[in-house]
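# An overview of the molecular structure
Residues per chain are reported as follows:
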Amino acid sequence: DKVIRVVPESERETQILRAAFNRLKVDLWQPSSPLHIVEGTVADVRVPRNTTRSLLPYLQQANIQYTILISDLQEAIENQTGGRSHRNRRSLSGYNYEVYHSLEEIEDWMHYLNRTYSELVHMFSVGKSYEGRPLYVLKLGKRSRPYKKAVWIDCGIHAREWIGPAFCQWFVKEALQTYQTDPDMRKMLTQLYFYVMPVFNVDGYHFSWTNDRFWRKTRSKNMRFHCHGVDANRNWKVKWCDEGASLHPCDDTYCGPFPESEPEVKAVAHFLRKHRKQIKAYLSFHAYAQMLLYPYSYKYATIPNFNCVESAAYNAVNALQSAYGVRYRYGPASSTLYVSSGSSMDWAYKNGIPYAFAFELRDTGHFGFLLPETLIKPTCTETMLAVKNITLHLLKKCH
């Protein structure tokens, strides 16, 4: 298998690519659906070995330029998680935050923190996944007063975006390790609660470790089609299954049979609705594109509190850049990325959470979903600066 990049240079090329990708059922990495392929923007495509023979000559014949991003995908997968067996992954005191962890390891780690840091950590489950796994959340913060504002953070809505769960774990580690020494962190944990959900789509994430590294959706079964899963970021009750979502169960952006059809989405939506007065920010972590997005995703329109949100995004992106010079694009999701309906970020915003953001972490396609473990630390370090910046912005009044 290979990953290629194509940038259509005309309407003709756009139409040819859309048709070819639809016909050949390739795995689009970017954008998430052939509908979003437009003139002048990047399309990254995973081409299965058996399709390479027909697709690449076809593109050459049609005179469409492409570049090969990853020439041997299997080798790249092995490189990403190479040398796993050599490390002691069971020892939690020496837990390694610079490698990717399986679902089982992440759950063990959560249990461990819950036992070890009981004054700052409370672990609970908001429900069960389709396959019956608990949906764990860590509540971080000093129990300093009965009512505190809160920030919700989730990672891993899309299974193959492994850097997301890695960041959620990194965030928790930083909070616990720097609470004593960093006045900003102390302030954040004293004045706020953080609800952190390291793996939203637990079934899909587990599947991406055991069966298909590039699985995106949940794992619910569809009776009529022999396809599994729903895009958990198209399943929310906000302009559900409108533009940018698919009605076909086999598509990567399938919106599901009805809003909140997925038990994972339903459980989190229920929790957020119940705590909507307390939760002031919703942060969701995805990959890849190096962007910081805010509502709306489903339409081109300006949100009512645009000035506050836009200045929070601007400052967060500058804070992030200060670490390694990595520049994130930022703006409304619809115009910065593409229009998509039924997203968690829009839903959170529509349900009264004033600061709703979706991060698209590193990189911009050189490694795509296979971000090497050596890049976990820099990615998380810079992202941490952005998250702290947004959180501190939240504690100040914005008019």
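Keep in mind it's a predicted model, so treat the numbers as computed, not measured.

Here we take up the packing of helix α5 (residues 163-178) against helix α12 (residues 376-395). Where α5 contacts α12, the two axes come as close as 10 Å, and the packing angle between them is 65 degrees. In terms of crossing hand, the pair formed by α5 and α12 is right-handed. Of the residues in α12, those in contact with I163, A166, F167, W170, F171 and E174 of α5 are I376, K377, T379, C380, T381, T383, M384 and V387. The class makeup of the residues in the contact of α5 with α12 is nine nonpolar, three polar and two charged.

Let us look at the sheet that holds strand β6 (residues 134-140). If you walk across this open sheet you meet the eight strands as β5-β6-β8-β7-β9-β12-β10-β11, and the pairing is mixed. A single partner strand is all that each edge strand has here, and the edge strands are β5 (121-128) and β11 (329-332). When the angles between neighbouring strand axes are averaged without regard to direction, this sheet yields 20 degrees. Taken together, the six bridges between strand β7 (residues 149-155) and strand β8 (residues 192-197) define a ladder with parallel strand orientation. Bridging across to β8, I153 finds its partner in V196. With respect to the sheet, helix α8 (residues 263-274) is in contact with β5, β6, β7, β8 and β9 (279-287), its orientation differing from that of β5 by roughly 125 degrees.

This part is about the nonpolar core. Residues W152, I153, F194 and F357 are the most contacted members of the largest nonpolar core, which totals 111 residues. Ranked by residue count, the leading element in this core is α5, at nine residues. Looking at which domains feed residues into this core, each of domain 1 (2-71) and domain 2 (93-209 + 254-395) supplies at least three. Excluding residues that lie within four positions of it along the chain, I153 makes contacts with C168, F171, F194, Y195, V196, M197, L283, F285 and V387. One finds A43, V45, L55 and L56 within the second-largest nonpolar core, a separate group that totals 17 residues.

This paragraph deals with the UniProt feature "domain: Peptidase M14" (unreviewed entry) in the protein. UniProt annotation of "domain: Peptidase M14" (unreviewed entry) refers to residues 99-394 when read in the numbering used here. A helix fraction of 37% and a strand fraction of 18% characterise residues 99-394, whose end C-alpha atoms lie 31 Å from each other.

With that settled, the discussion passes to the layout of surface pockets. What the largest pocket holds in volume is close to 830 Å³. For the lining of the largest pocket, the secondary-structure elements that each account for two or more residues are β2 (27-30), β9, β10 (291-294), α10 (333-336), α11 (344-350) and β12 (355-361). Ranked by residue count, the leading element in the lining of the largest pocket is α10, at four residues. Across the lining of the largest pocket, the residue classes tally to 18 nonpolar, 17 polar and seven charged. Two domains each put at least three residues into the lining of the largest pocket: domain 1 (2-71) and domain 2 (93-209 + 254-395).

Moving on to the side chain of D44. In this structure, D44 sits in strand β3 (residues 43-47). D44 gets classed as buried once you look at its relative accessible area, which sits at 0%. Side chain to side chain, D44 and Y288 meet in a polar contact 2.8 Å long. Other than its neighbours up to four places away in sequence, D44 contacts I4, R5, D27, L28, W29, Q30, L69, Y288, T364 and G365.

Here the focus is the pattern of salt bridges. With the rule as written, the count across this model stands at 13 salt bridges. For R46, the salt bridge goes to D27, with nearest N and O atoms at 3.1 Å. Of the two residues, R46 sits in strand β3 while D27 sits in strand β2, which places them 19 residues apart along the sequence. Among the ionic pairs, K173 bridges to E174, the shortest N-O distance being 2.8 Å. K173 sits in the buried class, given a relative accessible area of 11%. For E174, a relative accessible area of 19% puts it in the buried group.

This part takes up helix α1 (residues 11-24). Helix length check: α1 (14 residues) gives 20 Å between terminal C-alpha atoms against 20 Å at 1.5 Å per residue, within 8%. Burial in α1 covers these residues: E13, T14, I16, L17, A20 and F21. Taken around the axis of α1, the buried residues stretch over an arc of 165 degrees, which confines them to a single face. Buried positions along α1 lie against β1 (2-6), β2, β3 and α2 (49-61).

A few words now on the sheet that holds β3. Strand order across the open sheet formed by four strands is β2-β3-β1-β4, with antiparallel pairing between neighbours. Either end of the sheet is taken by a strand with one partner, and the two such strands are β2 and β4 (66-70). Taken over all neighbouring pairs, the strand axes of this sheet differ in orientation by 30 degrees on average, direction set aside. Judged from the three bridges that link them, β2 and β3 form a sheet pairing that is antiparallel. Pairing of D27 across the sheet is with R46, part of β3. The strands that α2 touches are β1, β3 and β4; relative to β1, the one it contacts most, it runs at about 25 degrees.

What follows deals with the pairing of β9. Of all nine residues in β9, eight are buried; the element is thus mostly enclosed. The pairing of β7 with β9 spans six bridges and is classified as parallel. Following the sheet pairing, V151 is matched in β9 by A281. Two strands pair when backbone bridges link them, and β9 and β12 are joined in this way by seven bridges, in the parallel orientation. Counted as the bridge partner of A287 is L361 from β12.

Procedures and definitions
- Residues numbered from 1 in each chain as written.
- Predicted model: local features only at pLDDT ≥ 70, side-chain atom pairs only at ≥ 80, totals over all residues.
- Heavy atoms only, no water.
- Axes fitted to C-alpha atoms, helices over the stretch in contact; angles between N-to-C directions.
- Helix = DSSP H or I, 4+ residues; strand = E, 2+ residues; numbered from the N terminus.
- Left-handed = near helix turned anticlockwise from the far one by under 90°.
- Contact = heavy atoms within 4.5 Å.
- Nonpolar A, V, L, I, M, F, W, Y, C, P; charged D, E, K, R; others polar.
- Pairing = 2+ DSSP bridges.
- Core = buried A, V, L, I, M, F, W, Y, C linked by side-chain atoms within 4.5 Å.
- Buried < 20%, exposed > 50% of the residue type's maximum accessible area, 1.4 Å probe, protein only.
- Domains from an automatic or database assignment.
- UniProt positions renumbered as here; feature names shortened; annotations may be inferred.
- 1 Å grid on protein atoms, 1.4 Å probe; cavity = no way out; pocket = protein on both sides within 12 Å on 5 of 7 lines; lining within 4 Å.
- Points joined across faces, edges and corners; volume = space filled by probe spheres on them.
- Polar contact = N/O pair within 3.5 Å; in protein donor to acceptor, adjacent residues only side chain to side chain.
- Salt bridge = Lys/Arg side-chain N within 4 Å of Asp/Glu carboxyl O.
- Expected span 1.5 Å × (residues − 1).
- Arc of directions from axis to C-beta.

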